[in-house]
Structures are given as C-alpha cells and as structure tokens.
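So the chains spell out like this:
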Amino acid sequence: MIELKNLTKVYGKGAKSATALSRVNLSVNKGEIFGVIGHSGAGKSTLIRCINLLERPTDGEVWVDGVELTALRQGPLQQRRRKIGMIYQHFNLLSSATVYDNIAFPLRLSGMPRKEIDAKVKELLTLVGLEEHRSKYPAQLSGGQKQRVGIARALASDPDVLLCDEATSALDPQTTDSILRLLLDINRKFHLTIVLITHEMHVIQSICDRVAVIHGGGIVEQGKVAEVFLKPKHEVTKEFIRTETQNEGPLQAALEAVDRKPGKAVKITFLGQKTYESTLSATVRATGVDFAILQGTISTIKDVPYGQLIVRFEGNEEAVAATLAKLAGQGLDVEVIG
Ligand SMILES: Nc1ncnc2c1ncn2[C@@H]1O[C@H](COP(=O)(O)OP(=O)(O)OP(=O)(O)O)[C@@H](O)[C@H]1O
Ligand SMILES: [Mg+2]
C-alpha cells in the first residue's frame with residue numbers, strides 16, 4: 001500500500017544542512033497498522049510527513065496504492081492527497097469553528113453538496129461519539145474529544161490511509177487507550193491502512209501489527225510487533241522495551257540473590273495459546289527438575305497473549321539441559337541468562 005524507496009531528507013543547504021532521513025526503505029501492507037517508534041529527533045515526523053509529501057524528500061520515491069507520488073504534478077498530487085488522512089499531536093483544529101464545521105471543512109472544500117455534507121458529518125460524529133458536542137468549539141473540549149474531532153475530519157474524505165503523528169502524546173493514559181481503541185475500530189471497520197509514529201512502546205504494543213524502529217534517520221530494526229517486542233535485537237529497541245516493562249531492578253536483585261547457588265537462570269517466552277498451557281509444570285515433572293520463579297509477566301500484544309517467565313532451574317546439569325530441550329521442542333522460546 002505504501003512503499004518508501006531510498007528515502008532521504010536533508011534540511012537546509014551547505015554547512016547548515018541536517019540529514020533527517022537517510023536511505024529509508026519501508027513497505028506498509030494494505031489494512032495493517034504500522035508503527036514507527038523512535039526518540040525525539042530520530043526523524044519520525046519527517047518520515048510521516050514525507051508519505052503525503054507535506055515534506056518533499058531530497059531523494060528517493062514515495063509510492064501509495066501503486067502510484068508514485070514523488071513523480072506527480074501539483075494537481076494530481078492534491079487529488080491523491082485527499083485519500084490520505086492525517087491527525088496530529090496538537091490536533092490542529094480551527095479554533096473559531098464548531099466541531100461540526102471542523103469536520104465539514106474538507107468536504108466544503110471539495111465542493112460536496114450541502115445535504116451530503118450534513119449526512120456525512122452526522123455519520124462521522126456518531127462514529128467518534130461526539131453527537132452531543134457538535135455545536136461546541138475546540139476550547140470547550142477535552143484533549144481526547146479534540147482528537148476525536150481530528151479523526152472525524154481526517155476520515156471525512158474516505159481516505160485509504162491514515163497517518164498519525166504522535167496522535168496520543170498529548171493525552172493521559174486512559175484517554176490514550178480510548179483513542180487507540182477508536183483507531184483499531186476504524187482500521188477494522190473500513191480496512192483502513194494506518195501508519196502511526198510514537199515514542200511509546202505501549203502504543204505499538206496495543207494496536208500495531210508491525211513496527212519499525214527509527215534512530216538517527218535510519219530504520220534499525222523492523223518486523224512483527226510480537227517478534228520485535230519479545231526478541232529485540234538493536235540496543236535502541238531494547239531500551240524502549242525496558243522502559244515499558246520496567247523490570248530490570250527487581251530482576252537484577254533476584255539474580256544476585258541466587259548467584260552463588262547452583263542452577264541456571266532462564267527466560268522462557270510463551271506466545272499465543274501456549275501462554276495458558278501447563279507445558280512448564282508437565283515438563284519439570286517429567287525431567288525431575290525444580291525451579292524458582294524470579295520474575296513473570298502475562299500481557300498481550302494487540303490481541304495475542306504472551307507470557308515471559310524468568311526461572312532458575314535447580315537440579316543436575318543433564319536434567320536441566322533436558323528440560324530446556326524439551327521446552328524448546330514444545331515451541332517455547334528459551335534463553336539462558338545466567
Ligand atoms: N524544518 C526543519 N528544518 C531543519 N531541520 C529540521 C526541520 N525539521 C526537522 N529538522 C531536524 O531533522 C531531524 C528529525 O526531526 P523530526 O522532527 O523528524 O524528528 P522526530 O523524530 O519527529 O522528533 P520528535 O519526537 O521530537 O517530534 C532533527 O534533527 C530536527 O532537528
Ligand atoms: Mg515529531
């Protein structure tokens with residue numbers, strides 16, 4: 001659906017120039033929610049703004065739905081852009097217009113007859129749950145409600161793609177979750193392709209199918225969220241996950257406490273239905289090994305459950321090795337950590 005080929009963006013010229021993106025290649029499938037995560041200054045906004053050419057890349061190609069946007073003239077580009085909606089961190093609403101008029105704005109611009117506009121705006125107000133607030137001005141709304149207006153306005157022209165630039169970064173955790181649920185809802189209902197950028201792993205974990213990690217203007221890692229989240233490779237990715245799970249301190253204490261005893265500390269990862277099965281207890285019963293739990297979590301990645309358990313197996317070396325082999329043989333991910 002979206003292809004970025006060798007995308008490079010350099011701001012400014014000569015000695016004062018700054019490279020914000022360097023040869024980025026990315027492809028987003030139709031109907032998926034694709035997340036891009038990175039620290040401040042990594043190039044996230046530049047990347048997302050290059051997709052609808054709000055920002056002109058210095059080099060490389062942008063393809064959306066089989067059309068190379070970077071090769072289009074202004075007229076056809078405007079046409080194509082209508083099919084790409086966008087929402088922003090600070091909402092970008094017209095402060096002197098009501099909720100209704102904010103949503104109607106792009107439709108009036110496109111010359112839609114008044115009656116059709118009215119029907120469309122009403123439908124969108126219902127979709128985002130703002131029917132009762134249609135006559136209010138942005139200043140009378142909460143952050144979450146403002147973002148709902150932003151979403152309704154972005155959907156007014158029936159886009160195929162929705163770009164979200166830190167759409168929940170100005171919201172509290174609860175409101176963030178309600179907006180994320182709304183985005184997921186829209187994605188499923190309309191088969192809308194969503195690209196979102198964020199600096200929060202939580203956002204990625206909640207609704208994204210795939211994720212790319214951007215650092216210093218380049219993609220350093222990408223893949224399915226479960227794979228990247230449970231088996232991060234790059235240091236930047238590991239750091240994002242650490243901040244999300246925040247379990248390093250207690251784990252370190254647990255590992256130090258058992259340091260001098262014989263045994264093996266192992267991280268076991270369960271994914272999907274395996275999370276709820278009794279594989280571990282059945283395995284140790286068969287191999288005759290005992291274990292102590294040092295840390296454990298059960299959570300979900302989008303709708304998929306996963307569990308991560310750090311245990312220390314006690315027993316003779318062969319029995320422990322047999323246990324690890326048996327666990328791995330049953331589809332669990334097993335990593336010896338000490
Ligand atoms: N208009 C501009 N002119 C010059 N440099 C810019 C411009 N916009 C961004 N940059 C630079 O490009 C780099 C990437 O910026 P970008 O805004 O894409 O980062 P970001 O990942 O969105 O950061 P944040 O999380 O803070 O929003 C930064 O070094 C930034 O200073
Ligand atoms: Mg930004």
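All chains use their own residue numbering, which begins from 1 and follows the written sequence. Written order determines the labels here, with chains lettered from A and ligands numbered from 1. The model is predicted, so local features are restricted to residues of pLDDT at least 70 and side-chain atom pairs to those at 80 or more, both for listing and for counting; the totals for chains, interfaces and linings are taken over all residues. In computing side-chain properties, one takes all heavy atoms of the structure into account and sets aside hydrogens as well as water.

Enquirer: Sorry, what's going on with the site of ligand 1 here?
Expert: Throughout this document, a residue counts as near a molecule or strand when at least one of its heavy atoms sits within 4 Å of that molecule or strand. Around ligand 1, the neighbouring residues are Y11, A20, H39, S40, G41, A42, G43, K44, S45, T46 and E166. Two N or O atoms count as a polar contact when they lie within 3.5 Å, although within protein this holds only if one can serve as hydrogen donor and the other as acceptor, and sequence-adjacent residues are included solely when both atoms are side-chain atoms. One of the side-chain N or O atoms of S40 is found 2.5 Å from an oxygen atom in ligand 1. At 2.5 Å, a side-chain N or O of T46 approaches an oxygen atom of ligand 1. Calculation of accessible area relied on Shrake-Rupley with a 1.4 Å probe; when residues are assessed, cover is drawn exclusively from the protein chains displayed. Look at ligand 1: alone it shows 640 Å² of surface, and the protein chains cover 55% of it. In this text, helices come from DSSP runs of H or I with a minimum length of four residues, and strands from runs of E with a minimum of two, each type numbered from the N-terminal end. At three residues, the largest contribution of residues to the shell around ligand 1 is made by helix α1 (residues 44-51).

Enquirer: Hey, could you run me through the pairing of strand β1 (residues 2-11) in this one?
Expert: For a regular strand, the rule is simple: side chains alternate between the two faces of the sheet. Between any two strands, pairing holds if DSSP finds at least two bridges. Pairing analysis gives five bridges linking β1 to strand β4 (residues 59-64), with the strands arranged antiparallel. In the strand pairing of β4, E3 is matched with W63. With seven bridges connecting them, β1 and strand β2 (residues 18-28) associate as antiparallel partners. Of the residues in β2, the one forming a bridge with V10 is T19.

Enquirer: Would you take a moment to explain the packing of aromatic side chains for this structure?
Expert: Aromatic ring pairs are reported here in terms of the distance separating the ring centres and the angle at which the planes meet. Aromatic pairing here means that ring centres of Phe, Tyr or Trp (its six-membered ring) are within 6.5 Å. Orientation follows from the plane angle: under 30 degrees is stacked, over 60 is edge-to-face, and everything else is tilted. Counted according to the given criterion, the structure contains two aromatic pairs. Between F229 and Y306, the ring centres sit 5.9 Å apart and the planes meet at 65 degrees, which makes this aromatic pair edge-to-face. One end of the pair, F229, is in helix α8 (residues 225-230); the other, Y306, is in strand β13 (residues 304-314), with 77 residues separating them in the sequence. For the pair shown, F229 and Y306 are each scored as buried. A centroid spacing of 6.2 Å and a plane angle of 70 degrees characterise the contact between F291 and F313, whose relative ring orientation is edge-to-face. With a gap of 22 residues between them, F291 in strand β12 (residues 290-301) and F313 in strand β13 connect regions that are remote in the sequence. Summary of the burial criterion: residues with accessible area below 20% of their type's maximum are buried, those above 50% are exposed, and those between are partly exposed, where the area comes from a 1.4 Å probe applied to protein chains only. Residue classification places F291 among the partly exposed positions, given a relative accessible area of 29%. Assessed through its relative accessible area of 0%, F313 is described here as buried.

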